[in-house]
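Architecture and fold: a report
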Amino acid sequence: MVVLGLAGYFCGKLFDLVKKLSDEFTAPIACTLEDPDSTAPLASPSIFDAPTKALSCIIPAYNEQDRLSTTLDEALNYLQRRRDKQGPQFTYELIIVDDGSKDGTAAVARKYIRQYGLDTVRLLRVSANRGKGHAVKRGMALARGEFCLMMDADGATRFADLEKLEAEMERIMQPSFGASKAAAAASGDSQGALGVVFGSRAHLAQDAVAKRSPLRNFLTRGFHALVYFVAGGRIRDTQCGFKLFTRRAAAVLFANVRLQRWCFDVELLYLAEQLGIPVAEVSVNWTEIPGSKIRFTSILLMATELLILKMNYQVLGTWSIHSELTMTKKAS
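Taking an unreviewed UniProt entry as the reference, the protein chain is identified by name as dolichyl-phosphate beta-glucosyltransferase belonging to Chlamydomonas incerta. Here is the UniProt Pathway (unreviewed entry) comment for the protein chain, exactly as written: "Protein modification; protein glycosylation."

**Observations concerning the pairing of strand E6 (residues 196-200)**
Every other side chain in a regular strand lies on the same face of the sheet, so the side chains alternate between the two faces. Counting buried residues in E6 gives 5 out of 5 residues, a clear majority hidden from the surface. In terms of strand pairing, E6 meets strand E7 (residues 242-246) through 3 bridges, oriented antiparallel. The residue of E7 that forms the bridge with Val197 is Leu244. Judged from the 5 bridges that link them, E6 and strand E8 (residues 279-283) form a sheet pairing that is parallel. Residue Phe198 lies in a different strand from E8, and its bridge partner there is Glu281.

**Quick notes on unusual backbone geometry**
You will see that Asn63, though not glycine, has its phi angle at about 50 degrees, which is positive. For Asn63, the position within the fold is in the loop between strand E2 (53-61) and helix H2 (68-86). For Asn63, a relative accessible area of 28% gives the class partly exposed.

**Notes on the environment of Cys148**
Position of Cys148 relative to the elements: it lies in strand E5 (residues 145-151). Sequence separation of Cys148 and Ser56 is 92 residues, and the distance between their C-alpha atoms is 4.8 Å. Ignoring sequence-local partners within four residues, the contact set of Cys148 consists of Ile47, Ser56, Met140, Ala143, Lys243, Leu244, Phe245, Arg247 and Ala250.

**Structural notes on the nonpolar core**
In terms of nonpolar packing, the biggest core is built from 49 residues, with Met140, Val196, Phe245, Leu253, Phe254, Phe264 and Ile277 touching the most fellow members. Looking at which element gives the most residues to this core, the answer is helix H9 (residues 264-275), with 8 residues. When neighbours within four sequence positions are excluded, Phe254 is seen to be in contact with Val136, Lys137, Met140, Phe245, Phe264 and Leu268. In terms of nonpolar packing, the next biggest core, distinct from the first, is built from 37 residues, Leu55, Cys57, Leu123 and Leu244 among them.

**Notes on H2**
Relative to the 27 Å expected for 19 residues at 1.5 Å per residue, H2 spans 27 Å between its end C-alpha atoms, a close match to the ideal helical length. When we look at burial in H2, the residues that qualify are Leu68, Ser69, Thr71, Leu72, Ala75, Leu76, Tyr78, Leu79 and Arg82. Packing partners of the buried residues in H2 comprise E2, strand E3 (92-99), helix H3 (105-116), strand E4 (121-126), E5 and helix H5 (162-172). Once H2 finishes, Gly87 follows within two positions and takes phi at roughly 105 degrees, a positive value.

What counts and how
- Residues numbered from 1 in each chain as written.
- Predicted model: local features only at pLDDT ≥ 70, side-chain atom pairs only at ≥ 80, totals over all residues.
- Heavy atoms only, no water.
- UniProt positions renumbered as here; feature names shortened; annotations may be inferred.
- Buried < 20%, exposed > 50% of the residue type's maximum accessible area, 1.4 Å probe, protein only.
- Helix = DSSP H or I, 4+ residues; strand = E, 2+ residues; numbered from the N terminus.
- Pairing = 2+ DSSP bridges.
- Contact = heavy atoms within 4.5 Å.
- Core = buried A, V, L, I, M, F, W, Y, C linked by side-chain atoms within 4.5 Å.
- Expected span 1.5 Å × (residues − 1).

Here's what the structure looks like:
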């Protein structure tokens, strides 16, 4: 009886989690691109439009008032030095997505907007906390860059390692879905290149630096086992918050993403492989920053999301993958 009671309890909890995730996916939520000196929201660009920047950096932030400034300083200093070196054609933007923060995260972002201007630093306010996956998806939808970088607000990854991701992107990029350059040219495909590069803490090279607590190591190993079960082991570290996308890849991938919290990275990998978008993994320098939001209960949420992913895509087939053409029509 005790065993049956426990089984019933955990099944009930699992059902509640699944229902919560489902409700979050379908429920509308307000997002506003904010001008700190005006009450009127800014006009929202679309990632399906032609790029007007060289690079967009999407930074999801939930209660990050204490860590965000350091991250923004590092990123902006690097980007300004690179612009000085490469010339005015290297243009960039940072999109901070405030995911329903209850602290002064938005105030920190506003300070940088006033210092660097609305064209360089942008603030997207989400009316309630919906999860990192949702925040990144909404930020990507507004990106103006030819390349789109997803980066965490905690500054755990050295921003200059962007160059490693760019070098690998140059190696793997293809001009069309599953096509060679010659085939793309013959078909008249001029929509842009495709590719995704995952930053990694998996010690793929000796210069990778990762310092994790024992708890984080335990959670990481358990999570990797679940990822292997769902998506295979091609990418060893799906969760590093430092990923580079071509604009075209970001548009079709994030338009398809459904998971809104922990495991949207795994879904991105699965979608890329199904769509024939090349994916690679590159080691980056990484340091654990105090203030991690991962808790023991997080592994339960991660496991639930991974099971939902596997069931809906691979077992039941209830989630379909929409084509680039379909997504472009919806955006227009």
